[in-house]
Amino acid sequence: MADVAAHITGTVWKIEVKVGDAVKSGDTLVILESMKMEMPVEVPDDVSGTVTEIRCKEAQSVNEGDVLVVVG
(Lines give C-alpha, C1' and ligand atoms only; values in the text may rest on other atoms or scores of the structure.)
Protein backbone atom coordinates (compact mmCIF):
# COMPACT_ATOMS: atom_id res chain seq x y z
CA MET A 1 0.00 0.00 0.00
CA ALA A 2 1.17 3.48 -0.78
CA ASP A 3 -0.34 6.65 0.65
CA VAL A 4 -0.09 9.47 -1.89
CA ALA A 5 -0.04 12.82 -0.12
CA ALA A 6 -0.39 16.45 -1.16
CA HIS A 7 3.00 18.04 -1.78
CA ILE A 8 1.59 21.56 -1.36
CA THR A 9 -1.23 23.30 0.47
CA GLY A 10 -4.08 24.06 -1.91
CA THR A 11 -7.50 23.07 -3.19
CA VAL A 12 -8.42 19.83 -4.94
CA TRP A 13 -9.28 21.05 -8.43
CA LYS A 14 -9.91 17.69 -10.10
CA ILE A 15 -9.76 14.00 -9.19
CA GLU A 16 -8.47 12.07 -12.21
CA VAL A 17 -9.05 8.50 -10.93
CA LYS A 18 -11.70 6.41 -9.22
CA VAL A 19 -11.53 3.48 -6.82
CA GLY A 20 -10.59 0.34 -8.75
CA ASP A 21 -8.52 2.11 -11.43
CA ALA A 22 -5.14 0.54 -12.25
CA VAL A 23 -2.33 3.10 -11.97
CA LYS A 24 1.44 3.15 -12.42
CA SER A 25 4.35 5.41 -11.62
CA GLY A 26 3.89 8.88 -13.10
CA ASP A 27 0.11 8.67 -13.59
CA THR A 28 -1.79 11.77 -12.43
CA LEU A 29 -4.17 11.03 -9.56
CA VAL A 30 -5.35 14.47 -8.47
CA ILE A 31 -4.80 18.02 -9.64
CA LEU A 32 -4.35 20.64 -6.93
CA GLU A 33 -4.74 24.37 -7.38
CA SER A 34 -2.45 26.64 -5.40
CA MET A 35 -1.68 30.29 -6.06
CA LYS A 36 -3.70 30.06 -9.32
CA MET A 37 -1.45 27.26 -10.60
CA GLU A 38 -2.52 23.68 -11.31
CA MET A 39 -0.18 21.09 -9.80
CA PRO A 40 -0.58 17.37 -10.56
CA VAL A 41 -0.21 14.80 -7.78
CA GLU A 42 1.27 11.70 -9.39
CA VAL A 43 1.84 8.08 -8.47
CA PRO A 44 5.34 7.95 -6.90
CA ASP A 45 8.27 6.19 -8.56
CA ASP A 46 8.35 2.42 -8.08
CA VAL A 47 4.63 2.29 -7.17
CA SER A 48 1.91 0.63 -9.22
CA GLY A 49 -1.36 -1.04 -8.34
CA THR A 50 -5.02 -0.26 -7.91
CA VAL A 51 -6.63 2.81 -6.36
CA THR A 52 -8.16 1.44 -3.15
CA GLU A 53 -9.26 4.66 -1.49
CA ILE A 54 -9.80 8.34 -2.33
CA ARG A 55 -9.60 10.53 0.76
CA CYS A 56 -10.43 13.90 -0.78
CA LYS A 57 -13.22 15.61 -2.70
CA GLU A 58 -13.13 18.20 -5.45
CA ALA A 59 -13.07 21.77 -4.08
CA GLN A 60 -11.72 20.53 -0.72
CA SER A 61 -8.87 22.45 0.90
CA VAL A 62 -5.88 20.27 1.75
CA ASN A 63 -2.60 20.80 3.56
CA GLU A 64 0.85 19.61 2.60
CA GLY A 65 1.18 16.02 3.80
CA ASP A 66 -2.55 15.19 3.76
CA VAL A 67 -3.14 11.74 2.23
CA LEU A 68 -5.27 12.15 -0.90
CA VAL A 69 -5.25 8.68 -2.49
CA VAL A 70 -4.24 5.18 -1.40
CA VAL A 71 -2.77 2.81 -4.01
CA GLY A 72 -2.70 -0.90 -3.12
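Attention in this report is confined to the structure presented alongside it. (Residues numbered from 1 in each chain as written. Predicted model: local features only at pLDDT ≥ 70, side-chain atom pairs only at ≥ 80, totals over all residues. Heavy atoms only, no water.)

Observations regarding the sheet that holds strand β2 (residues 10-15)
Then, number 1: Here we have four strands laid out as an open sheet, ordered β5-β4-β2-β7, and antiparallel in their pairing. Two strands bound the open sheet, and with one partner strand each, they are β5 (37-42) and β7 (61-62).
Then, number 2: Bridging between β2 and β7 involves two bridges; their strand directions are antiparallel. What sits directly across from G10, in β7, is V62. (Pairing = 2+ DSSP bridges. Helix = DSSP H or I, 4+ residues; strand = E, 2+ residues; numbered from the N terminus.)

Let's talk about the pattern of salt bridges
Then, number 1: Taken as a whole and assessed by the stated rule, the structure comprises four salt bridges.
Then, number 2: As a salt-bridge pair, K14 and E16 come within 3.7 Å of each other at their nearest N and O atoms.
Then, number 3: When its relative accessible area of 36% is taken as the criterion, E16 is described as partly exposed.
Then, number 4: With a closest N to O distance of 3.3 Å, D27 and K24 form a salt bridge. (Salt bridge = Lys/Arg side-chain N within 4 Å of Asp/Glu carboxyl O. Buried < 20%, exposed > 50% of the residue type's maximum accessible area, 1.4 Å probe, protein only.)

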